[in-house]
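Fold and geometry: a report
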Amino acid sequence: MLLVFVVLAMGMCIIEDMVFLYFSESLHASNLLMGGTVVVTVIFEIPIFAYSQRCLSRLGPNTLLTMAILCYSTRVVGYTMVPPSHGWLVLILEPLHGITYACSKTALIEFVARATEMGFEATAQGVMQSLTSGVAPLVALPLAGFITDSVGANYLYRGAACMVRPRVGFCG
């Protein structure tokens, strides 16, 4: 399961750290549009975080992680299908980021909590955060820059979806 979270984190950091570059260069998006994407994302994250305990009890961490992976893959492929003349269409895809982020973080915390002995919870959460927020970007971002420079951002995003999507089989 650790690998699933690290691979998803690699895919997510590509989007989180490079998406505005893609929006501005490939879709000719304005600063207003890019700011609007953040607003839409957060609007969808907040309720999931607010009801995370309910989501966990009804769906479980495996389903939340599966939802995160499917939303991520759909979103990044969707970006590559938006025509530059209609950049505002990314706003339709942005709720998927809110779902991806909130579901993946909620599932990650629950998986680590379940797998950790009493008294080591904070250490285990710290190790997972180091892997998903430190190691994953350290590996993914230089590779993402190379791919973008070599074959373009559309191939990067579609490749990221192909890297993350097969992990669904490991969630159940």
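Read on for a plain summary of the structure. Please read these numbers as outputs of a predicted model, since none were measured by experiment.

**Quick look at the overall build of the chain**
Counting secondary structure elements, the chain contains six helices and zero strands. Seen in sequence order, the chain has helices and strands lined up from the N terminus as α-α-α-α-α-α. Here the C-alpha coordinates of the chain stretch approximately 55 × 30 × 25 Å along the principal axes. By residue count, 47% of the 172 residues in the chain fall in the buried class. Summarising the internal contacts of the chain: among those between residues at least 6 apart in sequence, 83% fall at separations of at least 24. Surface exposure of the chain reaches about 8900 Å², of which carbon and sulfur atoms provide 68%. Once the 8 positive and 9 negative side-chain charges of the chain are each reduced to a mean point, those two points are 11 Å apart.

**Regarding the environment of D17**
With respect to the helices and strands, the residue D17 is situated in helix 1 (residues 2-26). In the structure, D17 is positioned 121 residues away from L138 in sequence and 12 Å away in space, judged by C-alpha atoms.

**Notes on helix 2 (residues 31-50)**
Here helix 2 spans 29 Å end to end across 20 residues, near enough to the 28 Å set by a 1.5 Å rise per residue. Of the residues making up helix 2, those classed as buried are L33, M34, T37, V40, T41, E45 and I48. Down the axis of helix 2, the buried set is contained in an arc of 130 degrees. They therefore lie on one face. What points out from helix 2, more than 90 degrees from its buried face, is the exposed set N31, L32, I43, I46 and A50. Along its buried surface, helix 2 packs onto helix 1, helix 3 (52-81) and helix 4 (90-115).

Each value, and the rule that gives it
Residue positions are given per chain, counting from 1 as you read along its sequence in written order. Given that this is a predicted model, residues contribute local features only at a pLDDT of at least 70 and side-chain atom pairs are listed and counted only at 80 or more, while totals for whole chains, interfaces and linings are drawn from all residues. Water and hydrogen atoms play no part in the side-chain values, which are based on all heavy atoms of the structure. Each helix is a run of H or I in the DSSP string that is no shorter than four residues. Each strand is a run of E no shorter than two, and both are numbered from the N terminus. Residue exposure (1.4 Å probe, protein chains only): buried if accessible area is under 20% of the type maximum, exposed if over 50%, otherwise partly exposed. Here, two residues are considered to be in contact whenever any of their heavy atoms come within 4.5 Å of each other. Residue exposure ignores everything except the shown protein chains as possible cover, and the areas themselves are Shrake-Rupley values with a 1.4 Å probe. His residues and chain termini do not enter the charge count, which takes Lys and Arg as positive and Asp and Glu as negative. Think of each charge as sitting on NZ of Lys, CZ of Arg, CG of Asp or CD of Glu. Expected span of a helix: the number of residues minus one, times 1.5 Å. The arc refers to the directions leading from the helix axis to the C-beta atoms.

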